[in-house]
Structures are given as structure tokens and as C-alpha cells.
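Descriptive structure summary
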Amino acid sequence: MAHFNYLIVGGGMTGDAATRSIREVDAPGAIGVIGAEPDAPYNRPPLSKGLWKGEAEETVWRKPELAGVTLHLGRRVVNLDPRGKRLTDDRGTMHTFDRLLLATPRRLPFESDKIIYFRTLADYRRLRALAAPPRRFAVVGGGFIGSEVAAALRMQGCDVVMLMPEAGLGARVFPADLSRFVADYYREKGVEVRTGESMSGVEERAGTTVVRTTAQKEFPADVVVAGLGIQPNVDLAEQAGLQVENGIVVDQHCRSSHPSIFAAGDVANFHNPALDVRMRVEHEDNANTMGKVAGENMAGQATPYTHLPFFYSDLFDLGYEAVGDLDVRQETFADWKGKEPFREGVVYYLKGGRVRGVLLWNTFGHVDAARALIAQPGPFNAGSLKGRI
């Protein structure tokens, strides 16, 4: 049994950011990290972005040894006792703590050995080894990860079929006309895009993988890749009796309903003052910034988490940065630059005359300006927003 002043469950970006900020406040404190993956902490965005464009795999490592932490990798926590401040991993080892951070990895919706769920470095390595023509890939999902993986595979010269239930790519984030444009853009790049169609099953038939769809159709694929929605991994929190509602509910200092247990990153449900809503964010900026704040507060600071996270993506030659609440059920106004729409511009998401979200489409370096706009009370309309950013 080992005792740590600070114990972190989750060996990803959030946990690593927390260890670094703890060390800045408390130099001698004992820090332990329990991670389910066998790999030390690394940056996740390059797995579906830069590594496919020639960046070396060595660039992803975050080098946690610089923070002087003890890593327990390839382990899962199976029991958490908040009252006794101890937990047990799947090897039967007990760990005790003064303060605990839950930065647990995301949970997959279902398991299958016929499908690559693209989430980890191991998934990237497996997919990259297969990514060569003439292999045919079925990519399930037209959201954030599905879109990036499909583009990455197509850029390697592979045949790619995309399945999505919506009428276009990124349909939950992009306005309908932009979503349809992106779907057509992918078709121009050689991707077979099947909108309004989901995967209903996959099976091996005479040595061939066959994908069945909700449109009562079938097609062969050498590899199936899932870029599907995920669920927050709250099993430990629920077992420990913590408050859970679309993630682990935390206060402005990232503290859960138990005073010695904190949560941050994908799994944390926090209040954002700029939008005045509770939210849970699954992107790099939130992982790094919230992890840092959680670590500071675990080490005795009182830093409120007021940050409004942003996210970004690369889609072949297109790209974007986005901040705030990009909910297409809100009113949207697109301010396209030049004569050709959908190539460069800004999309504003409004509710009650306030800007709630900003999509910077092929427009970079304006995230802070977008945050400042979201913080303003308005009222705004299309006329007052044209040319604003």
C-alpha cells in the first residue's frame, strides 16, 4: 500500500496538467497517477491531426517525469472508498490519499473486436499500420473524430465510406447549409459519404467484413473505425456516492460533492459564468486548463475555473476554431468573406439577442475576440455582427 498527498485517476492530458500545477504549488508533495493505458501521458489531438501529416510520434509525449510523479500504468481502479480515502486497482494494490482527482478516460458505448474505436495512441498505431491502399475503411460517425479520421485515411490514398444518421457532416455543430457543404466537399475529395444512414451491425462473412446499415443495405470493408459519441466514465464516482449528472458535478474550484475529491476534464460537469450554464467539454483546451486549475486547488489554492474552452479541427484543406455553445437549435448568422460562401468566415450562434457561440471557419487567431463577444450582453443581430470579427 502506498500513500500519496495527491492521487490522480486518469493518465491523460487532464491528469498530467494537474500534476504540473500541483508541483508548482507544492514542491515536495507525493503525487501518484493511475492510468488505464500502458502509455505515459501524451497529447491526443495529433492522433487524428498532425501524425497523419508527417509529424513524428515522439512529439506527442508530455514527459510527466518532469513533474516528479509516480506512474502506475495499465491499471484500472475497481473500488473507491471516500471515507477511508483509499482506492484499489485491478491488481489488488491499495492506494491511500489526502486529495484525489478523478480525470477518468471516456467510456466506449459498446465493445467489438471487429471495430477500431479511435481514442488512444494504441488505436492510432493499429489504424496507421492498416492505412494503405487498396484497403477500404468504413468510418462510422460524421462528428468531430469521425470527420478527422475519414480525412486522414483518405489522405493516405485509402477508400473511405462514411456513415452518419444526419443530413451532413458535423450536423450537431454546423448550420444545415454548412453541414451539407462539408459532406459534398468530402465527396469531392473521394470519400463516399452516406448521410441519413447508420451502422446496424458488422459481421465476418466468407473472410470478408460486411457492414450492415439502417437503410437495409450492406457493403464490404476491410476495417471499420468508429468515431461515435462517448459517455463520461462516472462508474467510480457513482460507486463512491458523488453527485453525478452528465458527468461528475463540481464547484468553481473543481471540487466534487466530497471535499477531498476533485474532478476535471471530459468527466467533469462545471458551471461556466460566461454562458451561465453547466457544461461538460471533451476537448484539449478544457483538459489542459481545467486540469491545471484542479491541481492548483488540490494543492491549497482557491482558483476559480472561469475559462470558456475552445476547440478546433482540420478537415482536409479546411479548418476551424470554435468557442462557446455551438448548438444549431439556436439562431445562427453566417458572415462569409468574399463571393464564395463556406470557404472563409464566421458563424455566430445567438439566443435572446446574446452571442452564445462563435465558429471561426478558416479564420484563425480570433478566439479571444470571440470570447469577449460572448461575454457582452448585447443585444446583437445579423446587422450588428456583420464584419465584427
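Before going into details, it helps to say that this report is about the structure given with it. (Residues numbered from 1 in each chain as written. Predicted model: local features only at pLDDT ≥ 70, side-chain atom pairs only at ≥ 80, totals over all residues. Heavy atoms only, no water.)

Side note on the environment of Ile 389
As for its placement among the helices and strands, Ile 389 is situated in the segment after helix H8 (382-385). Sequence separation between Ile 389 and Val 346 is 43 residues; the distance between their C-alpha atoms is 7.2 Å. With near-sequence residues (within four places) excluded, Ile 389 lies in contact with Lys 337, Val 346, Tyr 348, Val 358, Leu 360, His 366, Ala 369, Ala 370 and Leu 373. (Helix = DSSP H or I, 4+ residues; strand = E, 2+ residues; numbered from the N terminus. Contact = heavy atoms within 4.5 Å.)

Some points on the packing of aromatic side chains
Aromatic rings considered in pairs are described by the distance between their centres and by the relative angle of their planes. In the structure shown here, the tally under the stated rule is 16 aromatic pairs. Consider the rings of Trp 52 and Tyr 124, whose centres lie 5.4 Å apart with planes at 85°: the pair is edge-to-face. Of this pair, Trp 52 sits in the loop between strand E2 (31-35) and strand E3 (70-73) while Tyr 124 sits in helix H2 (residues 121-130), and the two are 72 residues apart along the sequence. The class of Trp 52 is buried, set by a relative accessible area of 6%. An aromatic cluster is present here, built from Phe 181, Tyr 185, Tyr 186, Phe 316, Trp 336 and Phe 342 joined pairwise through their rings. In this structure, Lys 49 is placed above the aromatic ring of Tyr 312, and the distance from its NZ or CZ to the ring centre is 4.7 Å. (Phe/Tyr/Trp six-rings, centres within 6.5 Å; stacked < 30°, edge-to-face > 60°. Buried < 20%, exposed > 50% of the residue type's maximum accessible area, 1.4 Å probe, protein only. Lys NZ or Arg CZ within 6 Å of the ring centre and 35° of its normal.)

Here we look at helix H4 (residues 176-188)
If you check H4, its first and last C-alpha atoms are 19 Å apart, about what 13 residues at 1.5 Å a residue would give, namely 18 Å. Among all positions of H4, only Leu 178, Ser 179, Phe 181, Val 182, Ala 183, Tyr 185 and Tyr 186 are buried. At the exit of H4 stands Gly 190, carrying a positive phi of roughly 100°. (Expected span 1.5 Å × (residues − 1).)

Quick notes on the environment of Val 367
Along the chain, Val 367 turns up in helix H7 (residues 367-375). Through-space distance from the C-alpha of Val 367 to that of Ala 268 is 23 Å; in sequence the pair is 99 residues apart. If near-sequence neighbours (up to four positions away) are discounted, Val 367 is found in contact with Phe 310, Glu 321, Val 323 and Leu 360.

As for the packing of helix H1 (residues 13-25) against helix H6 (residues 284-298)
Axes are the key here: two packed helices are described by the angle between their axes and the distance separating the axes. One can describe the packing of H1 onto H6 by two numbers: an axis separation of 7 Å at closest approach and a directional angle of 35°. When you trace H1 past H6, the crossing you get is right-handed. From H1, Met 13, Thr 14, Ala 17, Ala 18, Ser 21 and Ile 22 reach across to H6, where they touch Glu 284, Ala 287, Asn 288, Gly 291, Lys 292, Gly 295, Glu 296 and Met 298. Counted by class, the contact of H1 with H6 contains six nonpolar, five polar and three charged residues. (Axes fitted to C-alpha atoms, helices over the stretch in contact; angles between N-to-C directions. Left-handed = near helix turned anticlockwise from the far one by under 90°. Nonpolar A, V, L, I, M, F, W, Y, C, P; charged D, E, K, R; others polar.)

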